[in-house]
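# Inside the fold
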Amino acid sequence: DDPETTNSHSESKRFEVGEIPELETPTVEVYAPKFQELVGRTPLVDLTCILGPPETVPDNVKLVAKLEFLNPGLSAKDRLAWSILQSAVADGELHFGMTVITELDLNFGDNDTTSAVAMVCAMLGCKCEIVVPPESSSETKKKIQALESHGAVIVQPGTEATSGETKQNKLCDFAKGLAAAKPDQYFYFDRYEKAVNANAYYDTLGPEIWKQTKGMVTHFVSSGYTGGTISGVGRFFKEASKGQIQLDLAVANNHNDNDSIIGKSVSELSMDIPTQTVDVSDCEAMRMCHQLARSQGLLCGPVSGMNVAAALKVAQTLIEKEHRKEGTSNKDKAPIIICTVLPDNGIKYLDTLFNACWIKASYGIELEAIEPLNRQFKESSSSFEKLQAFRVVDIIGETPLIDLTHYVNNVNDCKARLLAKVEFFNPGFSIKDRIVRNIFTTAEKNGVLQPGMTVVAASSGNTGAATAMMCAIRGYKCIITTSQKCSQEKMDAIRAYGAELLVSPPGAQEGDENHYMNMAKNMAKTNPDWFDVDQYQNPYNPEAHCLTLGPEIWEQTNGKITHFIAAGSTGGTVCGTTRCLKERNPNIRSVLADPVGSIFTEYFHKRTHGKPGKFLVEGVGKGSIPGCMDIDVIDEVLPVKDCQAFRMCSKMAREEGILAGGSAGLNVFAGIVLANRLTTPGIVVTVLPDSGIKYQSKVYCREWLETNQVL
């Protein structure tokens with residue numbers, strides 16, 4: 001570790017969860033939760049428009065969904081892992097020095113539980129071991145790599161230990177056997193037998209939905225693999241509504257569970273709760289995943305597709321009944337609110353579920369043949385005024401601010417605080433959702449962007465994904481240009497939203513015509529009915545952060561922020577946020593974190609354009625000065641090496657459970673260096689721009705790090 005960022009406190013093991021004590025110095029009294037405290041509290045989105053054109057849907061019917069993939073580990077299973085392990089600590093079953101052990105789930109659609117266990121173990125500071133098959137497929141190897149990102153140790157029993165019965169059962173027996181043989185050393189994480197499974201959802205998810213729907217929910221639709229969600233939420237709803245809420249269990253009707261993308265047969269745990277079942281096939285779940293991505297901008301996993309497909313069937317039946325109620329005015333019709341959950345994100349399935357070749361081979365279906373869902377919303381009935389359900393674009397922003405102060409040495413005893421905005425809690429998993437929403441909204445308002453036009457954007461990845469998401473929501477055709485440097489995951493995400501992706505050839509320089517930035521400009525110039533997002537020059541880029549990110553940070557720190565530090569590529573984040581903050585307090589210092597090799601550092605000091613060097617961190621740094629980069633609002637530039645940024649990513653993933661992208665590692669590393677240099681009390685705020693799930697093939701891949709000599 002770099003001596004400027006090493007802190008012995010961060011190596012200590014943590015089993016207690018609670019608020020970080022407020023510091024005595026009044027200037028730094030700001031509360032921010034730890035990352036682990038963000039489990040739960042997910043938003044509720046309005047999906048009523050997918051039920052059909054507005055004129056065909058009765059005013060008293062609503063379809064809403066909990067975005068459970070906006071948990072810290074991007075899965076509903078975070079609730080389960082957190083609840084079971086916290087209960088184990090409280091009950092004395094798991095204590096310092098023990099190892100949590102469980103088996104890898106080989107089912108296509110359920111590795112989220114194992115990932116959540118590894119993440120929570122990192123949060124709690126306890127060791128984690130995952131039992132995997134001795135011979136792993138390419139799909140299993142991907143799962144293993146994701147687990148290792150959080151520091152989990154992989155255990156591979158011999159072939160003889162996993163032969164005979166089903167491989168999944170043998171893995172389970174092997175893990176249980178180790179825990180039983182060494183009870184003082186191992187705690188076995190049992191996702192099936194523990195009653196706390198259902199309690200995790202009874203205690204949190206059920207009450208959250210009840211509050212967000214103001215107790216008006218009438219139908220709850222969910223699948224049941226372990227059965228925890230439908231059992232826990234179902235039990236809560238039965239008690240809260242005195243049995244008035246209908247519970248519908250989505251069931252996979254596939255003949256071969258092992259080959260299914262939506263899991264094996266439902267667990268017995270859930271069978272005594274639902275009032276009826278709804279059959280959903282693999283093909284229906286797959287279609288719904290693509291429809292949600294291409295029409296609603298929601299990149300979901302297979303279980304989410306299954307749940308929404310089932311909820312749609314329930315809603316269609318109810319709508320038919322409502323249409324048969326002739327002579328009844330809308331005022332006299334009781335509200336019907338169908339609620340489901342989106343438990344998994346689609347980024348984990350980009351090379352399968354969202355891969356055109358895979359879909360063709362598996363189902364014989366061309367992606368172009370999948371029909372879009374309705375996008376058009378109508379004004380909600382007054383019956384739903386208090387409903388806390390929002391459209392996807394309306395949940396952009398208002399991201400949590402977490403405390404990373406324990407990484408700060410405070411060598412000068414100044415009691416500096418280090419806080420970070422978790423921007424991958426945006427619906428598109430990145431900070432770029434903010435600028436794209438503002439650019440689209442302003443362009444539409446000014447008549448520059450109109451229905452039927454094509455949107456083009458040059459991007460290193462995240463703005464491209466955000467643009468593709470917004471085009472999916474608003475119905476525009478989308479073309480994204482990017483470079484070879486863009487990670488495969490980000491490229492696949494752009495395509496998943498239905499956008500066309502063009503990649504510039506290797507070696508293309510910023511002045512070349514075939515450089516990705518110039519490709520977008522030239523296409524927009526030669527096509528008058530195309531709209532160029534032009535994030536590098538568009539003033540509505542920094543304006544987005546001045547209107548949203550800056551005010552949020554000011555409010556969350558009670559106006560006590562002293563330093564803002566962030567890397568820049570377009571300059572939108574650091575410059576727009578800085579303008580907002582300095583308008584409120586001119587004494588706030590703005591620091592640009594810059595990858596070594598970017599020209600920003602030299603330009604800041606000498607106002608000359610130096611020759612750019614090579615650097616590997618994506619989405620930050622530049623070889624030219626974009627129009628949005630107002631260097632005059634910057635007070636200092638702090639260079640960071642690739643290896644320092646990537647090491648910080650690994651450190652956060654293994655010690656905090658924070659799986660973030662390379663730019664987040666760069667920002668946090670620079671933030672620690674800055675905080676350690678302070679000689680007076682201060683609050684340093686930075687941002688975690690995107691999730692590390694988009695960089696499994698790079699930042700969290702040992703082979704890639706070794707090849708690029710940054711391990």
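Summarised in this report is the structure supplied together with it. What you are looking at is a predicted structure, and each value in this text was computed from that prediction instead of being measured. (Residues numbered from 1 in each chain as written. Predicted model: local features only at pLDDT ≥ 70, side-chain atom pairs only at ≥ 80, totals over all residues. Heavy atoms only, no water.)

## So, the sheet that holds strand E15 (residues 500–503)
Pairing is parallel across the open sheet formed by four strands, whose spatial order is E15-E14-E13-E16. The two strands at the open ends of the sheet, each matched to only one other strand, are E15 and strand E16 (530–532). The sheet shows a mean angle of 20 degrees between the axes of neighbouring strands, taken without regard to direction. Inspection of the sheet shows strand E14 (residues 477–482) paired to E15 by four bridges, in the parallel sense. Paired with Ile480 across the two strands is Leu501, which belongs to E15. Contacts from helix H12 (residues 488–496) reach E14 and E15, with the element oriented near 145 degrees to E15. (Pairing = 2+ DSSP bridges. Helix = DSSP H or I, 4+ residues; strand = E, 2+ residues; numbered from the N terminus. Axes fitted to C-alpha atoms, helices over the stretch in contact; angles between N-to-C directions. Contact = heavy atoms within 4.5 Å.)

## Some thoughts on the sheet that holds strand E6 (residues 186–188)
Hydrogen bonding along the main chain pairs the strands of a sheet, whether they run parallel or antiparallel. Pairing is parallel in the open sheet, where four strands are placed in the order E5-E4-E3-E6. Bordering the open sheet on either side are strand E5 (153–155) and E6, each of which pairs with just one other strand. Strand-to-strand twist across the sheet, computed as the mean angle between neighbouring axes with direction ignored, equals 30 degrees. Bridge analysis of strand E4 (residues 127–131) against E5 gives three bridges, and the strand direction is parallel. What sits directly across from Val131, in E5, is Val155.

## With respect to empty space enclosed by the protein
What the rule picks out here adds up to seven cavities of 30 Å³ or more. Approximately 250 Å³ is the volume found for the second largest cavity. Looking at the second largest cavity, it is lined by 25 residues, and the ones nearest its centre are Ile431, Lys432, Ser569, Gly619 and Val620. Those elements giving two or more residues to the lining of the second largest cavity turn out to be helix H11 (462–474), strand E17 (563–567), helix H16 (572–584) and helix H19 (662–677). Considering only residue class, the lining of the second largest cavity consists of eight nonpolar, 14 polar and three charged. (1 Å grid on protein atoms, 1.4 Å probe; cavity = no way out; pocket = protein on both sides within 12 Å on 5 of 7 lines; lining within 4 Å. Points joined across faces, edges and corners; volume = space filled by probe spheres on them. Nonpolar A, V, L, I, M, F, W, Y, C, P; charged D, E, K, R; others polar.)

## Here's the deal with the pattern of salt bridges
A side chain of one charge can pair with a side chain of the opposite charge when the charged atoms of the two come close. Counted under the stated rule, the structure contains 26 salt bridges. Among the salt bridges present, the one from Asp403 reaches Arg417, with a minimum N-O distance of 2.5 Å. Separated by 14 residues along the polypeptide, Asp403 in strand E11 (residues 401–403) and Arg417 in strand E12 (residues 417–422) bring together distant segments of the chain. For Asp403, a relative accessible area of 1% puts it in the buried group. When the shortest N-O distance is used, the salt bridge between Glu636 and Arg589 registers 4.0 Å. In this pair, Glu636 is assigned in strand E19 (residues 636–640) and Arg589 in strand E18 (residues 589–595), connecting sequence segments 47 residues apart. The class for Glu636 is partly exposed, based on a relative accessible area of 22%. Of the residues examined, Arg589 reaches a relative accessible area of 34% and is grouped as partly exposed. It is possible to trace a salt-bridge network through shared partners that takes in Lys66, Glu68, Arg79 and Glu208. (Salt bridge = Lys/Arg side-chain N within 4 Å of Asp/Glu carboxyl O. Buried < 20%, exposed > 50% of the residue type's maximum accessible area, 1.4 Å probe, protein only.)

## Brief notes about the layout of surface pockets
In this approach a probe as big as a water molecule rolls over the atoms, and the regions it shows empty are the leftover space. By volume, the largest pocket amounts to about 820 Å³. Surrounding the largest pocket, 28 residues form its lining, Ser483, Lys485, Ala508, Glu510 and His515 being those nearest its centre. Across the lining of the largest pocket, the residue classes tally to ten nonpolar, twelve polar and six charged. Considering only enclosed or pocket space, the second largest pocket measures out at about 660 Å³ in volume. Along the wall of the second largest pocket there are 32 residues; nearest its centre are Lys142, Ala146, Lys348, Ile693 and Gln696. When residues of the lining of the second largest pocket are traced back to their parent elements, those giving at least two are helix H2 (112–124), helix H3 (138–149) and H12. Among the elements that make up the lining of the second largest pocket, the one with the highest residue count is H3 (five residues).

## What about the packing of helix H1 (residues 77–90) against helix H5 (residues 196–212)?
With their axes 8 Å apart at the nearest point, H1 and H5 run at an angle of 125 degrees to one another. Put simply, H1 runs oblique to H5. Here the hand of the crossing between H1 and H5 comes out right-handed. Along the contact surface, H1 presents Lys77, Arg79, Leu80, Ser83, Ile84 and Ser87, while H5 presents Val196, Asn197, Ala200, Tyr201, Thr204, Leu205 and Glu208. (Parallel < 35°, antiparallel > 145°, perpendicular 65-115°, else oblique. Left-handed = near helix turned anticlockwise from the far one by under 90°.)

## Remarks on the pairing of strand E7 (residues 219–223)
Summarising burial for E7: five of the five residues are buried, a large majority. Where burial is concerned, the two faces of E7 agree: the one with His219, Val221 and Ser223 and the one with Phe220 and Ser222 are both buried. Summarising the sheet, E7 and strand E8 (residues 246–252) pair through five bridges and their orientation is parallel. Note that in E8 the partner of Val221 across the bridge is Asp248.

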